[in-house]
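Here are the chains, one letter per residue:
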Amino acid sequence: MYARRAAQLLQELSSCEEGQLPPYNGDKFDQVIRECEEHSRQFQSLIRDKDIETKNEDHYGSFIHHLSIIRNKRCLMAYMYKRAEVIQSYRWNVGRVLPREIQDKLNFSEQEYFKDYCGVIDSYMKDLDLDLTVDMVPPKDPYIRVRVLSEIGEVSLGDHAVSLTKDSFHFLRRTDAEPFISQVLLHSIILMLNFECVIIF
């Protein structure tokens with residue numbers, strides 16, 4: 001009663017590391033909704049047919065119930081807003097496909113929200129003809145030097161083709177090289193970074 005459960009929901013969120021989510025607690029969320037409904041019934045019964053100008057125990061009791069409803073509402077909104085923020089960050093940090101362990105923490109509505117958010121981002125990038133997921137940290141140079149560690153063959157890169165043969169060096173646009181680097185990382189192959197950027201296949 002009196003917003004204790006709602007505060008516990010927020011404590012669950014704050015106990016997680018930054019950028020992580022606990023499993024969606026639908027049971028406690030529903031309990032808070034039912035608590036709000038009970039506060040609303042109590043509030044209505046106290047103010048029904050009463051003189052609102054009279055300052056008596058009913059007046060103060062209704063005030064407490066009203067404040068409890070507002071506090072619960074604010075806690076639930078903060079809970080959902082924080083979860084939505086983290087879900088949005090997954091698109092930029094994880095990609096379009098969420099790992100199973102993350103999906104299991106989201107309820108159906110949150111999973112649909114993530115899909116819709118990805119769709120909006122993809123549509124926006126298509127309209128701009130610009131990939132916003134490349135170079136989250138602005139590069140100092142739009143070109144990078146790469147070395148290929150195994151035979152790849154002929155690859156079309158925008159307006160030209162390049163032969164990526166083993167141990168060859170190339171000076172490529174960063175946007176052309178990023179998909180290869182991302183693909184390597186997705187396959188859990190170690191990416192060696194030093195003075196030059198190395199693409200490992």
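Residues numbered from 1 in each chain as written. Predicted model: local features only at pLDDT ≥ 70, side-chain atom pairs only at ≥ 80, totals over all residues. Heavy atoms only, no water.

Chemist: Please explain the pairing of strand β3 (residues 160-164) as it appears in this structure.
Modeler: Successive residues of a regular strand alternate their side chains across the two faces of the sheet. With five bridges joining them, strand β2 (residues 153-157) and β3 adopt antiparallel strand pairing. For Ser156, the partnering residue across the bridge sits in β3 and is Ala161. In this structure, the hairpin formed by β2 and β3 is closed by a connection of two residues, where Gly158 is found at a positive phi of approximately 65 degrees. (Pairing = 2+ DSSP bridges. Helix = DSSP H or I, 4+ residues; strand = E, 2+ residues; numbered from the N terminus.)

Chemist: Can you walk me through the nonpolar core in this structure?
Modeler: In globular proteins that are soluble, nonpolar side chains generally tend to be buried together. Core analysis: the biggest nonpolar cluster contains 17 residues, and Leu9, Leu21, Tyr90, Leu98 and Phe114 have the highest contact counts within it. For this core, the elements supplying multiple residues, two or more each, are α1 (4-14), α2 (26-47), α3 (57-93) and α5 (108-128). The biggest single contributor to this core is α3, with six residues. Counting nine residues, the second-largest nonpolar core is a separate cluster that includes Val148, Val155, Leu164 and Ala177. (Core = buried A, V, L, I, M, F, W, Y, C linked by side-chain atoms within 4.5 Å. Buried < 20%, exposed > 50% of the residue type's maximum accessible area, 1.4 Å probe, protein only.)

Chemist: I keep staring at the pattern of salt bridges and nothing clicks. Help me out?
Modeler: Oppositely charged side chains can form a pair if their charged atoms are brought close together. Per the counting criterion, the structure on display carries eight salt bridges. One salt bridge in this structure joins Glu38 and Arg41, with 2.9 Å as the shortest N-O distance. One end of the pair is Glu38 and the other is Arg41, both in helix α2 and three residues apart, which spans about a single turn. A salt bridge links Arg83 to Glu110, with the shortest nitrogen-to-oxygen separation between them at 2.6 Å. Of this pair, Arg83 sits in helix α3 while Glu110 sits in helix α5, and the two are 27 residues apart along the sequence. Comparing Arg83 with Glu110, the two get one shared label, buried. (Salt bridge = Lys/Arg side-chain N within 4 Å of Asp/Glu carboxyl O.)

Chemist: Help me understand unusual backbone geometry, please; the structure alone is not making it clear to me.
Modeler: Glycine aside, the phi torsion of most residues is negative, and most peptide linkages are trans. At Asp129, a position not held by glycine, the phi torsion is positive, near 55 degrees. If you trace the backbone, Asp129 turns up in the loop between α5 and β1 (143-147). The class of Asp129 is exposed, set by a relative accessible area of 72%.

Chemist: Just checking my understanding: could you explain the packing of α1 against α2 for this structure?
Modeler: When two helices pack together, you describe them by how their axes are tilted relative to each other and by the distance separating the axes. One can describe the packing of α1 onto α2 by two numbers: an axis separation of 9 Å at closest approach and a directional angle of 150 degrees. Put simply, α1 runs roughly antiparallel to α2. The handedness of the crossing between α1 and α2 is left-handed. In this structure, α1 contributes Arg5, Ala6, Gln8, Leu9 and Glu12 to the contact, and α2 contributes Lys28, Phe29, Gln31, Val32 and Glu35. Class assignment of the residues belonging to the contact of α1 with α2 gives a composition of four nonpolar, two polar and four charged. (Axes fitted to C-alpha atoms, helices over the stretch in contact; angles between N-to-C directions. Parallel < 35°, antiparallel > 145°, perpendicular 65-115°, else oblique. Left-handed = near helix turned anticlockwise from the far one by under 90°. Contact = heavy atoms within 4.5 Å. Nonpolar A, V, L, I, M, F, W, Y, C, P; charged D, E, K, R; others polar.)

Chemist: Can you walk me through α1 in this structure?
Modeler: Because an α-helix completes one turn every 3.6 residues, residues spaced three or four positions apart along the sequence face the same direction. Burial in α1 covers these residues: Ala6, Leu9 and Leu13. The buried side chains of α1 occupy one side of the element, clustering within an arc of 50 degrees when seen end-on. Summarising the geometry of α1, the exposed residues directed more than 90 degrees from the buried face are Arg4, Gln11 and Ser14. (Arc of directions from axis to C-beta.)

Chemist: Could you clarify how one ought to interpret the side chain of Ser62 in this entry?
Modeler: Here Ser62 lies in helix α3. Ignoring anything within four residues of it in the chain, the contact list for Ser62 reads Phe43, Leu46 and Ile47.

Chemist: In this structure, what is going on with the side chain of Lys28? I would like to understand it.
Modeler: In this structure, Lys28 sits in helix α2. Within polar-contact distance, the side chain of Lys28 engages the side chain of Gln8 at 2.7 Å. Those residues in contact with Lys28 that sit more than four places away from it in its chain are Arg5, Gln8, Leu9 and Glu12. (Polar contact = N/O pair within 3.5 Å; in protein donor to acceptor, adjacent residues only side chain to side chain.)

All we've got here are geometric facts, nothing functional implied.
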